[in-house]
Amino acid sequence: MMTPAMMAATCVAMSVDYGLFILSRFQDERQSGAGVDVAISIALVEAGSVVALSGSILICCYLACLLFPGDMIFSLALGNLWILFLCVLASLTFTPCAISAFPEFFAKPSSEPRASSARGAVMASPGSRAWFKLGVWLTRWPFPIVVPLVLYAFMSPVAWSLCQFRTSSDIRASIPAGGLLEEYLELQRSFPGASASPIFLHFGAGGTDGVRSDRFFEEMCTAVRELVRSTNGTSWRLLPEDFGSVVLLPRSVGELLPGSCPTLVCLRWSESPPECPAAPSAQALLAAHAGGPSPSHAASKAYQQLWRGLVAADGSSSVAVVTPSVDLRGEEQQMVMQALWQVLPRRSVYSHDAVEMDMLKADYSRFPAIMALTLLCMFGLIGWAFKAALVPFKLFLTVVAPLFFVFGLILEAYELGTFDGFGIPHVNSDYGLHWTIPILAAPILTGLAVDYDVFLFARVYEFRQKGYDDRAAIVAGLAATGPIISGAGLVMALAFGSMLLSETRLTYEVGFALCAGVLMDTFIVRPLLVPSILMLGGGLNYWPQKMPEATISIAELEEHAEDVRLGMPIAAEGTTHLAPGALPSSSAAAATVAGGPAAMLLGP
């Protein structure tokens, strides 16, 4: 149901995302004067290695989703794993081939290759200049402390709403709007309570007589009485008339008998019930079918019809049908199921609600362990790639903490009804937040949040390797990636936002969650929070590695901002930058490995 929409959105989002990063790096190299082959090699090794890392992180997240029980989550994770693998493969193969076939279409070389001394940087575009200015401002004290505090203070009230966390298992969330949903709603209006989704209680009978014994009738009746007693006085109470069973005297049968009987009359197999002497035994009611004596032919016929519907053909078991007279939603629905499970074995209770609650319990019992495993694998992979032990701690501050805000926002929108008064289409609390949304969204949002963080940090790492001091590397990295990450983020938000147009509530709740998470990461976390946290970390961002001695400061970048291209390595006039000890530009792949993040991914 939701898997095709999710696969389509993922395909569009990640294909554009990864393709733009490789293409933008190719354009940067061409503008610096590099030849086509050299520019493609540099783009593929530098940007391609980060694309491979990002894809690996998201694959880890989808692999984690495979650990949840249930076909829906499994199929969604498996489908998106395949799509993600194809996106990474296409970006690392088809994209370079397309660029090589039409290099002049994708980027024209600069008529005057920009190069200067090791003390300048140039703005590639007005967008880069804006990001450069933002980076300079964010990294100027005391803003590296003030900005995170302000952002966390802004996010805290919304994140705090998770203390009221609750979800819904309303079946209407999985029914597409239109004819089918309208028919279901009409059915509920015509038959109040749970008539549209009854609960079935299965009772097995032991012994040679099976169901046809006083012992079985007594055991089944005792369970029904206990259910009526335990729910009495609650808003989810079960009434005697809510039960349909062969051990209870049906109202339709009781009305055909002389005299009056209590509301709850438990039949006996071989004799009349003492609370209603006018009622015959179950055996007598069935005897009319064989031509035996019957106190009431009409009552016997009604009971026999009930028997055929509720007793197994071999007489080994019987079911009771429960249709609560009150409309059960949310917590009341769960309380009724809990009451049933306290009296009967869990396997003896079946309904759509029971299946949903079993899945909910199984998924949420695994959720903490799966999320911990996801974060451990993700942070471990990133720490290994950059050889930086404290990167996971930074990611906790820039990924995990903002995710609490995103999930708080989802809860406010779909469960607490904060936005109901605004009349936003598909953003309301009518049916509550479906319980599958946190399960589906948490691993995926974690991977998407890390995605742009990795792209930014990889460029910062590259600049620091090439002699920029900590602040200059952060500012240069932000300016070099700012326009392209913002554009890619918008495309990704639009791709996932398209799910909001779905007619199925479950689908557009997932779309809202992913769209909100991407926009939060693209325009708040990555441009504001990440540079501030990196500035606070200083040299610890790369520990235990030792970075080269800083030769380029932020003051020099500002002074020569119009002399050389910002985001391109600094080199002597007329040359293309290579890291110390790298090969000439004709061996660009080796040269890039020597300096940028590809060195950590590919090794020496």
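Residues numbered from 1 in each chain as written. Predicted model: local features only at pLDDT ≥ 70, side-chain atom pairs only at ≥ 80, totals over all residues. Heavy atoms only, no water.

**Q** Looking at this model, I keep getting lost on the overall build of the protein. Mind explaining?
**A** Helices and strands together make up the secondary structure of the protein, namely 20 helices and four strands. For the protein, buried positions account for 54% of its 604 residues. Pairs at least 24 apart in sequence give 76% of the contacts found in the protein among residues at least 6 apart. (Helix = DSSP H or I, 4+ residues; strand = E, 2+ residues; numbered from the N terminus. Buried < 20%, exposed > 50% of the residue type's maximum accessible area, 1.4 Å probe, protein only. Contact = heavy atoms within 4.5 Å.)

**Q** What is the right way to read the pairing of strand β1 (residues 199-204) from this model?
**A** Each regular strand displays side chains that alternate between the two surfaces of the sheet. Alternating residues of β1 divide into Ile-199, Leu-201 and Phe-203, all buried, and Phe-200, His-202 and Gly-204, none buried. Examined bridge by bridge, β1 and strand β3 (residues 317-322) share six bridges and lie antiparallel to one another. By the bridge assignment for β3, His-202 is matched with Val-319. Pairing between β1 and strand β4 (residues 349-350): two bridges, direction antiparallel. Counterpart to Leu-201 in the pairing with β4 is Val-349. (Pairing = 2+ DSSP bridges.)

**Q** Where do I start with the pairing of β3 in this structure?
**A** Across the six residues of β3, five count as buried, placing the element largely inside the fold. Sheet analysis places strand β2 (residues 243-244) next to β3, joined by two bridges and oriented antiparallel. Residue pairing for β3: Phe-243 is matched across the bridge by Val-322.

**Q** Help me understand the state of the cysteines, please; the structure alone is not making it clear to me.
**A** Inspection of every chain in the model, using the stated rule, returns one disulfide. Between Cys-221 and Cys-266 runs a disulfide, and the two sulfur atoms are separated by 1.4 Å. Across the S-S bond linking Cys-221 and Cys-266, the dihedral sits near 55 degrees, which makes this disulfide right-handed. Here Cys-266 lies in the loop between α9 (251-254) and α10 (282-287) and Cys-221 lies in helix α8 (residues 214-231), a separation of 45 residues in the sequence. (Disulfide = S-S within 2.5 Å.)

**Q** What is the right way to read the pattern of salt bridges from this model?
**A** Close approach of charged atoms lets side chains of opposite charge pair. Tallying each qualifying case throughout the model produces 14 salt bridges. The residue Glu-226 makes a salt bridge to Arg-229 at a minimum N-O spacing of 2.5 Å. Note that Glu-226 and Arg-229 are positioned in helix α8 at a spacing of three residues, about one turn of the helix. Connected via shared salt-bridge partners are Arg-25, Glu-29, Arg-459, Glu-462 and Lys-466. (Salt bridge = Lys/Arg side-chain N within 4 Å of Asp/Glu carboxyl O.)

**Q** How should I be thinking about the environment of Leu-395 in this particular structure?
**A** With respect to the helices and strands, Leu-395 occurs in helix α14 (residues 391-414). Relative accessible area serves as the criterion here: at 1%, Leu-395 is assigned to the buried category. Considering only alpha carbons, one finds Leu-395 and Leu-375, 20 residues apart in sequence, at a separation of 9.8 Å. Apart from the residues lying within four places of it in its own chain, the contact partners of Leu-395 are Phe-379, Ile-382, Val-400 and Asp-453.

**Q** I tried to follow the side chain of Thr-436 on my own but got confused; where do I start?
**A** Looking at where Thr-436 falls in the secondary structure, it is placed in helix α15 (residues 436-465). Overall, the relative accessible area of 2% leaves Thr-436 in the buried class. A polar side-chain atom of Thr-436 sits 2.9 Å from a polar atom in the side chain of His-434. Contact partners of Thr-436, with chain neighbours within four places excluded, come to Met-72 and Leu-506. (Polar contact = N/O pair within 3.5 Å; in protein donor to acceptor, adjacent residues only side chain to side chain.)

**Q** Looking at this model, I keep getting lost on the sheet that holds β1. Mind explaining?
**A** For sheets, the rule is that strands pair by backbone hydrogen bonds, running either parallel or antiparallel. Strand order in the open sheet formed by four strands is β2-β3-β1-β4, and the pairing between neighbours is antiparallel. The open sheet terminates on both sides in strands that have one partner only, identified here as β2 and β4. In the packing of α8 onto the sheet, contacts are made with β1, β2 and β3, and the angle to β1 comes to roughly 145 degrees. (Axes fitted to C-alpha atoms, helices over the stretch in contact; angles between N-to-C directions.)

**Q** It is not clear to me how the side chain of Thr-139 should be interpreted in this structure. Could you clarify?
**A** Relative to the helices and strands, Thr-139 resides in the loop between α5 (126-138) and α6 (143-160). A distance of 2.7 Å separates polar atoms of two side chains, one belonging to Thr-139 and the other to Arg-471. The residues contacting Thr-139, other than those within four sequence positions of it, are Pro-144, Arg-471, Ile-474, Val-475 and Met-535.

**Q** Mind showing me how you'd approach the packing of α14 against helix α17 (residues 505-537) here?
**A** Between two packed helices, what matters for the description is the angle formed by their axes and the separation of those axes. Running from amino to carboxyl end, α14 crosses α17 at an angle of 145 degrees, the nearest separation of the two axes being 9 Å. In this structure, α14 meets α17 at a crossing whose hand is right-handed. Its residues placed into classes, the contact of α14 with α17 shows 18 nonpolar, two polar and three charged. (Left-handed = near helix turned anticlockwise from the far one by under 90°. Nonpolar A, V, L, I, M, F, W, Y, C, P; charged D, E, K, R; others polar.)

**Q** Explanation requested: the nonpolar core in the structure shown.
**A** One recurring pattern in soluble globular proteins is that nonpolar side chains are buried together. Core analysis: the biggest nonpolar cluster contains 125 residues, and Met-6, Met-14, Ile-382, Phe-386, Leu-448 and Phe-496 have the highest contact counts within it. Examining the composition of this core, we find that 19 residues originate from one element, α15, more than from any other. Judged by nonpolar contacts, the second largest core, of 46 residues, contains Val-211, Cys-276, Leu-285 and Leu-340. (Core = buried A, V, L, I, M, F, W, Y, C linked by side-chain atoms within 4.5 Å.)

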